[in-house]
Amino acid sequence: MESLKIAFFCWESMYAERVGGLARAATHLAETLVDQGHEVHFFTRGNIPDQTIKGVNYHYCQPSGNNIVEYCDSMSASMVDQFRRYDTPHRFDFLHFHDWHPVQALHYLQDRNTILSFHSTEYGRNGNQFGDWWEFKEISGKEWYGGLIAKRVTAVSATLKKEVMQLYNVPDEKCDVVPNGVVPREFRVAINPGEVKKSYNIHPYAPLILFIGRLVYQKGPDLLIEAIRKVCRHRWDAQVVVAGGGDMRQFLQERAKDLPVNFVGYISDSEYVRLLNAADIVVIPSRNEPFGLVLLEAWSAEKGVVASNVGGLSENIDAFENGIKVDVNPESLAWGITMMMDEPENAGAMGKRGRTKVDRLFLWNPIVRGLTETYARTVA
Amino acid sequence: MFSPDPKIKKKDLFDHYFDSLNKEILLRIVDKCYYPATKIILEKLDEGFSCSFSMSGILLEQLEKWSKDTLSLFEEVARHKNTELIGQTYYHSIASCFPDKSEFMEQVKLHSDLMHDQFRVRPTIFENTEFTFNNEVAATIRDMDFTGIFTEGVDRILGWRSPNYIYTCQDIPVLLRNTKLSDDIAFRFANPAWDRYPLTADTYAHWVASSSGDIINIFLDYETFGEHFWQETGIFDFLRALPDELSKRDVASVLPSQVVSQYSPVGEIDVHETISWADLEKDTSAWMGNDRQRTAFHAVQSAQTYAVDKPLWRYLQTSDHFYYMASKYGTCGEVHTYFSHHDEADDAFKTYMRVLADFESRNIRAMKNRKAAKTLRTLSPEQAFHFACPTGFIGHTAYNLDQFEELLYFVPQDSLNYHQERGDFARWITDVLEDPQLAESINGLTERHDLTNVIKERRELLWSHLK
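Everything quoted here is computed from the prediction, not taken from an experiment.

Caption draft 1: Focus on the overall build of chain B. Of the regular secondary structure elements, chain B holds 23 helices and nine strands. A compact globule built from 467 residues should have a C-alpha radius of gyration of about 23 Å, and chain B, at 25 Å, falls within 12% of that. With the C-alpha coordinates aligned to their principal axes, the bounding extent of chain B is approximately 80 × 50 × 45 Å. Long-range pairs, those at least 24 residues apart, make up 72% of the contacts in chain B between residues at least 6 apart in sequence.

Next up, the structure:
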């Protein structure tokens, strides 16, 4: 493919305003496009002068508004102003929008070659339920409108693609799956698990089960606690670390009073990497998961994964090949955890095969090659 | 366990760096394999059987030092009319993986010269270390006037095609190892869990005879005979009986150079990714599969600038050093542990880095720009920078300034902040890398890309002084 000039519209990026996982995904996509010989201008928020990092040109704006919707419309207007400045002398070949925030900008620029990427939907973020408040309706409306006017749409998993198709009537042939990627080196490190376990007052040889994520209903931490109660009847030595904060923490701690569960709250990225590499099993008990980035991170660290058979997790895990998939209930989860714990050799082998899958399918380079195919289909 | 000792003289460095265990292991293998197996093969060669041999320069050096009898036995084999010597790198090295192929070519030439000096023949067929192969390797070997090259018959390259024919890659004929029939001997021979156990020469010859195609390449570690499978398994009886069983079924044994002149290629193979014969993955993951291995690989590559003493640097490129650092699970993991004399892959890695660091720092004295050489040198684990957060080590270690910059791109921000607040980066750069100027210029920088920009610029400047 010849060198393309591409504009990214995303409300967050890794080196300025950063909110969640979207910043990481969009920044990696942009940087990898540059690596592959393309020119990328990234329009985003930030209170700093424009800059170029790893070849990506960042153009910042500072929106304002009385509510999130107004705020994003103001952001979109500034982005379009900036965009027009860089649209000469060579016009941009493709305009790539991420999530609903810059949909107003997509509206202004709808005659161009536009792509809208869904990293999640408002319905999914709301725990797979419709809301009756005005923001919910407004944001869902923008998602529908963006899906309607964009020349092409992408979703991070087949599950999310189906969701977008059903919610917003996006036709199948207009929508591609462009998964999330990972940089395995960030997560696989040479660290002594025993030393990390000791820093949590856990015996170096005790099997450590790790949960990381927000403590909210969608992520299923309550299922894990109930499962651990069953696991402990069989394995007195099991230890659990629950990392992350959220509404359910109080409730969960109460439930887990008599169990070997450590609630460590929100942890830094460094501490996450330490814990991830010290863990023997990573558990992802989500009730709903459009993609499930923790899976790629656990695989990068070559860890055995026990996960709910839902969404992106269900799609990406090959049962007993690179992880164990369980039903969304404590009994099934307990069975999976016990199975993984009783055969540590096998857990390691599954983790290793997960890493092989990451190296084959979830590195940014092959993902971006897929993305440029989507670009090509936009004009075809 | 290696520890640097400045009192060691240059001429004694080899013994200082490389384990005396080498001798013990060599003599064990001579006893169990090289001697008895070669005796049998010589007998069979006289009776008309033909086969080829590939021996590294390192092996011949060790035999010269510790087992002259075996060397003369090999000499007898090498000069026999029914054998052929295959080319490889003198140091059984990973040099073909370097982006610049000149070092690789140099080592191929050294090996060819050695074969000529020792045995009066120059190889015309080539096999790279553990069959490491890709388009670039093929093109390089073609340009060195070899007439054929061996590699593994890897399924994902061949697809529906059979390995039992000649193919070309970059216009050089390629001989593909028949993985299944080779591994029937190399891996499964003495495995009681195998449904064809015990394997007899009779059965095996039948399998070969009933295979379709022009040629079948059986390529084995020589140590299969007597070392991987001890005499008690019957492996020598198998070896002794096989040539007769084959000729009974009209299977001719042919030398590789005859094969490439007799048979025409039936198709082309295109190999972008690097393949090899190692493990199940059939790629380079046995030597470059983990970060330790990649760190060591990059370090030995940049050590070229420091290599006043080329042979020592080349001994450090031998693939086995990297193999010992592997971390794999499953049956391949068992193979790795069996072949490695280190208890832990980590141990192997640290020892290697200590040796490399010592090697480089000794050579700095003889270099023109000592200051730049000092700052860019590879460090021992004790001198390396270990990234941490308030609770402890986070698993990333920089063994030189190049790697320090590389890690700064993705080490978590909270760790960068932690070190910058304490002034750790500046202190390390001043005390260990001895570059106060660089330490000064990174002082107070907290943005990741500011840090990497400054270091990148300095690093490139210093390297330009060494070129």
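Here the narrative resumes.
Caption draft 2: Structural detail: the packing of helix H19 (residues 401-408) of chain B against helix H23 (residues 448-466) of chain B. All names here are of chain B. For the pair H19 and H23, interaxial distance at closest approach is 9 Å and the crossing angle is 160 degrees. One element, H19, and the other, H23, form an angle in the roughly antiparallel class. Note that H19 runs across H23; the crossing there is left-handed. Contacts from Leu401, Asp402, Phe404, Glu405 and Leu408 of H19 reach H23 at Arg448, Leu451, Thr452, Ile455, Lys456 and Arg459. A breakdown of the residues in the contact of H19 with H23 according to their chemical character gives five nonpolar, one polar and five charged.

Caption draft 3: Layout of the interface of chain A and chain B. Counting from both sides, the interface comprises 21 residues of chain A and, opposite them, 17 residues of chain B. Residue assignment for the side of chain A that touches chain B shows that the elements contributing at least two residues are helix H7 (193-199), helix H10 (269-278) and helix H14 (344-361) of chain A. Here the side of chain A that touches chain B gets six residues from one element, more than from any other, and that element is H10(A). When the residues that make up the side of chain A that touches chain B are grouped by side-chain class, the tally is eight nonpolar, five polar and eight charged.

Caption draft 4: Layout of the sheet that holds strand E4 (residues 56-61) of chain A. All names here are of chain A. An order of E3-E4-E2-E1-E5-E6-E7-E8 is seen for the eight strands of this open sheet, with the pairing classed as mixed. Of all strands in the sheet, those with a lone pairing partner are strand E3 (51-53) and strand E8 (175-177), marking the two edges. Neighbouring strand axes in the sheet, compared pairwise and without regard to direction, differ in orientation by 25 degrees on average. Contacting strand E6 (114-118), strand E7 (152-155) and E8, helix H6 (residues 158-168) runs over the sheet at an angle of about 160 degrees to E8. Lying over the sheet, helix H15 (residues 364-379) contacts strand E5 (94-98), E6, E7 and E8, oriented at roughly 155 degrees with respect to E7.

Caption draft 5: Main features of the domain arrangement of chain B. Residue and element names in this part refer to chain B. According to the domain assignment, chain B contains domain 1 (1-17 + 285-366), domain 2 (20-268) and domain 3 (369-467). Its C-alpha centre places domain 1 at a distance of 23 Å from the equivalent point of domain 3. Taken together, the 14 residues of domain 1 in the interface contact 13 residues of domain 3. Broken down by secondary-structure element, the contributors of at least two residues to the side of domain 1 that touches domain 3 are helix H13 (291-302) and helix H17 (345-364). Per-element accounting of the side of domain 1 that touches domain 3 gives the leading share, eight residues, to H17. Its residues assigned to classes, the side of domain 1 that touches domain 3 shows seven nonpolar, four polar and three charged.

Caption draft 6: Seen up close, the nonpolar core. Of all hydrophobic cores here, the largest spans 196 residues; its most connected members are A:Leu210, A:Leu295 and A:Ile337. For A:Leu210, the contacting residues outside a window of four places in its chain are A:Val241, A:Leu275, A:Leu276, A:Ala279, A:Val282 and A:Val283. Core analysis: the second largest hydrophobic core is formed by 16 residues, B:Ala37, B:Phe189, B:Phe225 and B:Ile235 among them.

Caption draft 7: Quick peek at the confidence of the model for chain B. Residue and element names in this part refer to chain B. The pLDDT averaged across chain B works out to 92; a share of 96% of its residues lies at or above 70. In this model residues 329-342 is a low-confidence stretch, pLDDT under 50, and it forms 17 contacts with partners more than four residues away in sequence or in other chains. With pTM at 0.85, the complex prediction returns an ipTM value of 0.84.

Caption draft 8: Here's a closer look at the pairing of strand E8 (residues 385-389) of chain B. All names here are of chain B. Covered by surrounding structure in E8 are Phe385, Phe387 and Cys389 only, the residues His386 and Ala388 on the alternate face being uncovered. Of the pairings in the sheet, the one linking E8 to strand E9 (residues 392-398) comprises four bridges and is antiparallel in character. Note on E9: the bridge partner recorded for phenylalanine 385 is alanine 398. Linking two consecutive strands that pair antiparallel, namely E8 and E9, is a turn of two residues.

Caption draft 9: Main features of unusual backbone geometry. In this chain, A:Thr88 is followed by A:Pro89 through a cis amide linkage whose omega measures -10 degrees. Turning to its location among the elements, A:Pro89 is positioned in the loop between helix H2 (68-86) and E5. Cis peptide bonds are those with omega within 30 degrees of zero, and the linkage from B:Tyr197 to B:Pro198 qualifies with -5 degrees. For B:Pro198, the location among the structural elements is in the loop between helix H8 (179-186) and helix H9 (201-209). Of note in this structure, A:Lys54 is not a glycine but carries a positive phi near 50 degrees. Tracing the backbone through its elements, the reader meets A:Lys54 in the loop between E3 and E4. The class for A:Lys54 is partly exposed, based on 15 C-beta atoms found within 10 Å. A positive phi angle, near 60 degrees, is found at A:Asn201, a position not held by glycine.

Rules used in this analysis
Residues numbered from 1 in each chain as written. Chains lettered and ligands numbered in written order. Predicted model: local features only at pLDDT ≥ 70, side-chain atom pairs only at ≥ 80, totals over all residues. Helix = DSSP H or I, 4+ residues; strand = E, 2+ residues; numbered from the N terminus. Rg over C-alpha atoms; globule rule 2.2 N^0.38 Å. Contact = placed C-beta atoms within 7 Å. Axes fitted to C-alpha atoms, helices over the stretch in contact; angles between N-to-C directions. Parallel < 35°, antiparallel > 145°, perpendicular 65-115°, else oblique. Left-handed = near helix turned anticlockwise from the far one by under 90°. Nonpolar A, V, L, I, M, F, W, Y, C, P; charged D, E, K, R; others polar. Pairing = 2+ DSSP bridges. Domains from an automatic or database assignment. Core = buried A, V, L, I, M, F, W, Y, C linked by C-beta atoms within 7 Å. Buried ≥ 20, exposed ≤ 12 C-beta atoms within 10 Å, placed from the backbone. pLDDT = per-residue confidence, 0-100.

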